[in-house]
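Notes for the structure review
Here's the letter readout for the chains.
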Amino acid sequence: MLLHIPGVLSAEEVARFRQALAEAPWADGRATVGPQGALVKHNEQLPADHPLARELGQRIVQRLSSHPQFVSAALPHRILPPLFNRYQGGGNYGLHVDGSVMAMGDGQRLRSDVSTTLFLCDPEDYEGGELVVMDTYGAHEVKLPAGDLILYPSTSLHKVEPVTRGARTCAFFWTQSLVRDDGQRAALYELDQTIQRLRARLGDSDEVLQLTGHYHNLLRRWAEL
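If you're wondering where the values come from, they're calculated on a predicted model, not measured in any experiment.

Among the 6 residues of strand β10 (residues 114-119), 6 are classified as buried, and the element is accordingly described as predominantly covered. Here β10 pairs with strand β14 (residues 149-153) via 5 bridges, running antiparallel. Residue pairing in the sheet places T116 in a bridge with L151 of β14. Pairing between β10 and strand β16 (residues 163-177): 6 bridges, direction antiparallel. Across the sheet, residue L118 finds its bridge partner in β16, namely A171.

Structure (structure tokens):
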């Protein structure tokens, strides 16, 4: 499931993030990938252990942990602390797939089920830099307004096109979902969104309550704890 969630951060929040990141000590992004990834990764990254990365990442996680649409779509069990990258001067990231298991930094590990990019620049701020996600329907180009995010299965091949003008700054992170299978997550998301729309129209009618029961029974069957 490829899903655009608008307005995760307000314009004021984005401005504060960008002001802080403008003065950050950016480093070569290849330091965080293996030999194969280093061949196609050409960007800058804020070191994960930098206090600013921790502070801003914590704000994002706090926001998303109570964001109804994100929770409905990702069904998060654990979220890797967000990282921050910047592309400029032709920077790009060639076609790749994200690692299946990520180190959390506290000795724990996380299975990457859902990949997320939170855009911190508006499309007119830079040229190029499209996130291209591949699936069975072809290639999908993503370039969202600042404050919006895209989530997609971590099993997807994807790339970032070269940035030829300006700079593209984003937060990115991975989620281990309660439900490993993307098809099952998508079915639960569609069912949950339908229930919410029906509840807004009909209240807790017998039909809405029955659908809610089906939702939780499916989640109970598919969830991994």
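Next comes the rest of the write-up.
According to UniProt, the "binding site: 2-oxoglutarate" (unreviewed entry) feature falls on R168. Its place among the elements puts R168 in strand β16. In this view, R168 contacts N85, R86, Y87, T117, F119, C121, Y126, G129, L131, V160 and V163; residues no more than four positions away in its chain are not counted.

The subject of this paragraph is helix α5 (residues 182-202). Helix length check: α5, at 21 residues, gives a terminal C-alpha distance of 30 Å against a target of 30 Å (1.5 Å per residue), a fit within 8%. Buried residues of α5: R185, A186, L188, Y189, L191, D192, Q193 and I195, and no others. Looking at the buried positions of α5, the neighbouring elements they touch are β1 (3-5), α4 (68-74), β10, β14, β16 and α6 (206-222). Capping the start of α5, D181 holds a side-chain oxygen 3.0 Å from the backbone nitrogen of G183, two or three residues further along. With its phi angle positive at about 70°, G203 sits one or two positions after the end of α5.

What counts as what
- Residue indices follow the written sequence of each chain, beginning from 1 at its first position.
- Per-residue local features of the predicted model are confined to residues with pLDDT of at least 70, and side-chain atom pairs are confined, for both listing and counting, to 80 or more; whole-chain, interface and lining totals are unaffected and use all residues.
- With hydrogens and water set aside, each side-chain value is computed from the structure's full complement of heavy atoms.
- Exposure classes here rest on a 1.4 Å probe applied to the protein chains alone. A residue is buried below 20% of its type maximum, exposed above 50%, and partly exposed in between.
- A run of H or I in DSSP counts as a helix once it spans at least four residues, and a run of E counts as a strand once it spans at least two, with each numbered from the N terminus.
- Paired strands, as defined in this entry, are two strands with at least two bridges between them according to DSSP.
- UniProt positions are given in the numbering used here, feature names are shortened, and annotations may be inferred rather than shown by experiment.
- The contact criterion used throughout is that any non-hydrogen atoms of two residues lie within 4.5 Å.
- Expected span of a helix: the number of residues minus one, times 1.5 Å.
- Counted as a polar contact is a pair of N or O atoms within 3.5 Å, where, for protein atoms, one must be capable of donating a hydrogen and the other of accepting one, and residues adjacent in sequence contribute only when both atoms are in side chains.

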